[in-house]
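# Summary of structural features
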Amino acid sequence: MNKKLLALLALLLTMMLVLAACNSDEDTSKPADEPDKTEDGGEKEDDGAEENAEEPASDDLFSVVLDNEGEAIKGGTLQVALVNDSPFQGIFSYTLYEDAYDSEIMAYSSNVLFDTDGDFLISDGGIATLDVDEASNKATIKIQDGVKWSDGEPLKIEDLIQPYLIIGHPDYAGVRYDSDFQNIVGAVEYHDGKADTISGLKKVDETTLEISFNKVSPAIYSGGDGLWFYAEPSHIVKDIPVAELLESDAVRKNPVTLGAFKFDKIVPGETVQFVRNDNYWKGQAKLDGVVIKTVPTASAAKALETGEYDLALSFPTSAYENVKDLENISLLGRQELYYSYVGFKLGKYDYDASVAITNEEEAKMGDKVLRQAMGYALDIEQVNEVFYFDLRERANSLIPPVFKSFHDASIEGYNYDPEKAKKLLDDAGYKDTDGDGLREDPKGEKLSIKLAAMAGDETQEQVISYYLQNWDEVGLDVQLATGRLIEFNTFYDKVQADDPEIDVFMGAWGTGTNPSPAGLYSKTAVYNFSRYTSEDLEGLLTAIDSPEAIDGEFRAKKFREWQEYMQDVSAVIPMQFRYELLPINNRVKNWDFGYDTDFDYIDIELVADTPVK
């Protein structure tokens with residue numbers, strides 16, 4: 001092992017002891033990224049990190065298809081661990097949910113309308129089909145006959161219209177009313193209370209919906225341009241005031257669904273029990289049901305080893321060594337639709353006007369040279385090797401490599417270069433004027449930067465401590481906002497509310513299958529947490545999702561320009577791409593973890609009454 005690696009491990013072991021002393025009386029919560037995916041944590045032996053740093057895992061170790069043999073039993077219940085150190089929020093509505101944990105749960109009872117192919121483009125295999133008339137900026141959605149909700153009510157066009165009426169409503173408190181949604185004709189007027197409905201939504205007949213858009217781009221084929229992917233049971237939610245929907249029984253206690261399973265019992269934050277949905281449009285599941293339980297990161301691997309669970313969702317890559325040799329487990333893996341990032345607070349969000357307001361001149365992190373220096377100071381490569389067995393890699397841009405047509409591997413990004421960071425700071429006037437080893441700002445005033453980062457297991461604590469040390473080594477005084485790592489739900493509450501105590505934050509996005517960045521970085525996007533906007537940025541986002549972008553070469557060119565622009569302004573600096581792991585017990589048959597698959601939860605079977613130990 002090289003000297004640098006040994007030094008890093010020694011440093012982190014020292015920091016771990018300090019952190020343990022500081023946090024011995026507190027529960028730690030595993031970070032989660034964002035609305036769509038979770039940041040991983042997980043417990044790891046120190047000598048194991050040393051051993052596996054020399055022999056990192058590779059993509060060749062993993063398959064995306066489970067091919068366990070054996071005669072299937074009749075029925076049975078799938079036991080699922082949701083690896084999470086915080087209670088799940090339990091917002092079981094696609095119009096309202098906010099994080100990956102609720103999304104992982106809802107997948108078993110999904111209200112999705114459209115099927116997608118291996119390129120994440122809408123295909124004709126789902127409940128609904130999509131036909132786009134680019135010349136008239138219209139889309140026609142047609143649903144199959146005979147599709148029923150889990151309560152036996154037929155799916156109707158009003159159920160496709162209902163989510164638009166929720167998201168666009170003046171009382172909607174969610175995060176999905178953005179520039180994409182405003183592309184629907186009449187959406188803004190409805191949101192502003194000037195109309196009773198959205199004029200661009202037209203019920204043609206009992207199985208057909210026509211939507212008029214201000215413009216149509218290739219994004220629509222990935223679920224962009226304002227197109228909504230999910231239905232809502234209008235026979236239940238239409239009479240619930242939108243302001244009360246979030247806390248309603250229809251969302252929290254007994255959601256009605258279209259998926260292979262239906263909700264049977266919910267213990268808030270802890271457990272969800274599903275039973276077979278006999279009204280599922282594809283047929284009946286072979287399983288009797290599914291039970292999903294919240295399991296702490298520290299005990300997830302052991303619970304799999306002892307046969308307590310059949311599989312683990314949001315399983316941390318840092319715990320790879322704890323499951324890689326288990327004989328009762330098959331380990332599936334794939335590149336994830338994910339990137340982590342460090343973001344800089346450059347303004348605030350005006351929730352009344354639904355727009356981000358940038359104020360770089362007054363923001364502490366308003367100098368892009370300071371932001372760029374902080375990016376070059378981070379030793380992400382070593383963290384990936386030591387803690388994540390090279391199942392993560394340094395991200396060079398804000399587009400994951402899974403989007404092969406749009407990810408630009410030639411963009412350099414912010415590789416670890418502390419000397420470059422120091423020179424940038426020196427040249428910009430950030431110098432240590434009082435001899436304490438820490439730089440003052442160009443005005444000669446103390447510069448103390450507050451970082452918000454999510455709480456997690458030992459790995460998360462050590463990694464964040466190391467990043468703080470990276471910044472200290474280039475002379476920047478970066479301290480934890482609130483004085484400690486922040487529990488997942490509280491973290492995003494503070495970041496979204498533009499808490500003045502936060503200057504810099506570390507988060508992550510599960511991008512979903514639509515590569516368009518407008519939903520995360522446009523001036524109307526609530527998820528634009530840095531609050532950075534500019535005319536140039538809006539122009540690039542508009543071009544990516546413009547009618548001209550029907551030309552694939554044009555769109556790819558604009559994606560590259562956007563990635564280069566975001567690297568230059570550095571309002572958000574990408575940190576990591578990662579590999580996603582799914583450990584599955586050997587009693588499970590029929591699972592396909594690939595993106596290009598016809599796999600459905602009704603196909604799952606079990607070959608034993610209890611998980612294999």
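In what follows, the accompanying structure is described. Source: prediction; values computed, not measured.

## Things to note about the overall build of the protein chain
When helices and strands are counted, the protein chain shows 18 helices and 24 strands. Oriented by its inertia axes, the alpha-carbon framework of the protein chain measures out at about 75 × 60 × 45 Å. Taking all 613 residues of the protein chain together, the buried fraction comes to 58%. Looking at the protein chain alone, contacts between residues at least 24 apart form 72% of all its contacts between residues at least 6 apart. By element, 46% of the accessible surface of the protein chain is carried by carbon and sulfur atoms, the whole surface being about 24,300 Å².

## Some remarks on the pairing of strand 14 (residues 338-344)
Within strand 14, 7 of the 7 residues are buried, which leaves the element mostly enclosed by the surrounding structure. Here strand 14 shows two buried faces, one formed by Tyr-338, Ser-340, Val-342 and Phe-344 and the other by Tyr-339, Tyr-341 and Gly-343. Both strand 14 and strand 21 (residues 572-585) contribute to a ladder of 4 bridges, which runs antiparallel. Note that in strand 21 the partner of Ser-340 across the bridge is Gln-576.

## Focus on the pattern of salt bridges
Counted by the stated rule, this structure contains 32 salt bridges. The residue Lys-203 makes a salt bridge to Glu-158 at a minimum N-O spacing of 2.7 Å. One end of the pair, Lys-203, is in strand 7 (residues 201-205); the other, Glu-158, is in helix 4 (residues 157-167), with 45 residues separating them in the sequence. In this structure, a network of salt bridges that share partners links the residues Asp-434, Asp-436, Glu-440 and Lys-446.

## Some details on the sheet that holds strand 8 (residues 208-212)
Spatially, 4 strands are ordered 5-6-8-7 in an open sheet, and the strand pairing comes out antiparallel. The two strands at the open ends of the sheet, each matched to only one other strand, are strand 5 (128-133) and strand 7. Within the sheet, the average angular offset between the axes of one strand and its neighbour, ignoring direction, is 20 degrees. One ladder, built from 4 bridges, connects strand 7 with strand 8; its direction is antiparallel. Opposite Leu-201, over in strand 8, you have Ile-211 as the bridge partner. The strands touched by helix 4 are strand 6 (138-143), strand 7 and strand 8; relative to strand 7, the strand with the most contacts, the crossing angle is about 175 degrees.

## Re the environment of Thr-533
Here Thr-533 is to be found in the loop between helix 16 (518-521) and helix 17 (535-544). For the pair Thr-533 and Ala-356, spaced 177 residues apart in sequence, the C-alpha to C-alpha distance is 7.0 Å. Beyond its immediate sequence surroundings of up to four residues, Thr-533 is in contact with Ala-356, Thr-358, Lys-523 and Asn-528.

## Details of the side chain of Asn-183
Relative to the helices and strands, Asn-183 is located in the loop between helix 4 and helix 5 (187-191). A polar contact of 2.8 Å, which involves the side chain of Asn-183, links it to the backbone oxygen of Asp-225. The contact partners of Asn-183, leaving out residues within four places of it in the chain, are Ser-212, Phe-213, Asn-214, Lys-215 and Asp-225.

## Some remarks on the packing of helix 12 (residues 380-388) against helix 14 (residues 458-473)
Interhelical geometry of helix 12 versus helix 14 gives an angle of 160 degrees and a closest axis separation of 11 Å. Relative to helix 14, the element helix 12 lies roughly antiparallel. Seen from above, helix 12 lies across helix 14 with right-handed handedness. Across from Ile-380, Val-383, Phe-387 and Tyr-388 in helix 12, the residues of helix 14 making contact are Thr-459, Gln-462, Val-463, Tyr-466 and Tyr-467. By residue class, the composition of the contact of helix 12 with helix 14 is 7 nonpolar, 2 polar and no charged.

## Some points on the packing of aromatic side chains
Applying the stated rule across the entire model yields 35 aromatic pairs. When the centroid spacing of 5.6 Å and the interplanar angle of 55 degrees are considered together, the rings of Tyr-320 and Phe-389 count as tilted. Here Tyr-320 is found in helix 10 (residues 320-323), whereas its partner Phe-389 is found in the loop between helix 12 and strand 17 (392-394), with 69 residues between them in sequence. Owing to a relative accessible area of 0%, Phe-389 belongs among the buried residues under this scheme. With centroids separated by 5.5 Å and ring planes inclined at 25 degrees, the aromatic side chains of Trp-509 and Phe-529 adopt a geometry described as stacked. With Trp-509 in strand 20 (residues 504-510) and Phe-529 in the loop between helix 16 and helix 17, the pair connects residues that are 20 residues apart, well separated along the chain. Using a relative accessible area of 3% as the deciding quantity, one classes Phe-529 as buried.

## Some words on the environment of Ala-285
As for its position among the elements, Ala-285 is in the loop between strand 10 (271-276) and strand 11 (289-295). Accessibility expressed as a relative area gives 5% for Ala-285, which makes it buried. Once residues within four sequence positions are removed from consideration, Ala-285 is found in contact with Ala-260, Phe-261, Arg-276 and Ile-602.

## A look at unusual backbone geometry
A positive phi angle is found at Asp-390, which is not glycine, with a value near 60 degrees. At Asp-498, a position not held by glycine, the phi torsion is positive, near 55 degrees. Mapped onto the elements of the fold, Asp-498 is located in the loop between helix 15 (488-496) and strand 20. Residue classification places Asp-498 among the buried positions, given a relative accessible area of 5%.

## Quick look at the pairing of strand 9 (residues 261-267)
Of the strand pairs in this sheet, strand 9 and strand 10 are connected by 6 bridges, and their pairing is antiparallel. Residue pairing for strand 10: Phe-261 is matched across the bridge by Arg-276. If you look at the hairpin formed by strand 9 and strand 10, you'll find 3 residues sitting between the two strands, and Gly-269 has a positive phi there, around 80 degrees.

## Concerning the nonpolar core
In this structure, Leu-78, Tyr-108, Met-374, Trp-471, Tyr-521, Trp-562 and Trp-591 are the most contacted members of the largest nonpolar core, which totals 161 residues. Not counting residues up to four positions away in its chain, the partners in contact with Trp-562 are Leu-398, Ile-399, Pro-517, Tyr-521, Leu-537, Leu-540, Leu-541 and Ile-544. Counting 21 residues, the second-largest nonpolar core is a separate cluster that includes Val-83, Ala-301, Phe-315 and Ile-329.

Scoring rules and cut-offs
Residues numbered from 1 in each chain as written. Predicted model: local features only at pLDDT ≥ 70, side-chain atom pairs only at ≥ 80, totals over all residues. Heavy atoms only, no water. Helix = DSSP H or I, 4+ residues; strand = E, 2+ residues; numbered from the N terminus. Buried < 20%, exposed > 50% of the residue type's maximum accessible area, 1.4 Å probe, protein only. Contact = heavy atoms within 4.5 Å. Areas by Shrake-Rupley, 256 points an atom, 1.4 Å probe, with all protein chains shown as cover. Pairing = 2+ DSSP bridges. Salt bridge = Lys/Arg side-chain N within 4 Å of Asp/Glu carboxyl O. Axes fitted to C-alpha atoms, helices over the stretch in contact; angles between N-to-C directions. Polar contact = N/O pair within 3.5 Å; in protein donor to acceptor, adjacent residues only side chain to side chain. Parallel < 35°, antiparallel > 145°, perpendicular 65-115°, else oblique. Left-handed = near helix turned anticlockwise from the far one by under 90°. Nonpolar A, V, L, I, M, F, W, Y, C, P; charged D, E, K, R; others polar. Phe/Tyr/Trp six-rings, centres within 6.5 Å; stacked < 30°, edge-to-face > 60°. Core = buried A, V, L, I, M, F, W, Y, C linked by side-chain atoms within 4.5 Å.

Treat this as a map of the structure, not an account of what it does.
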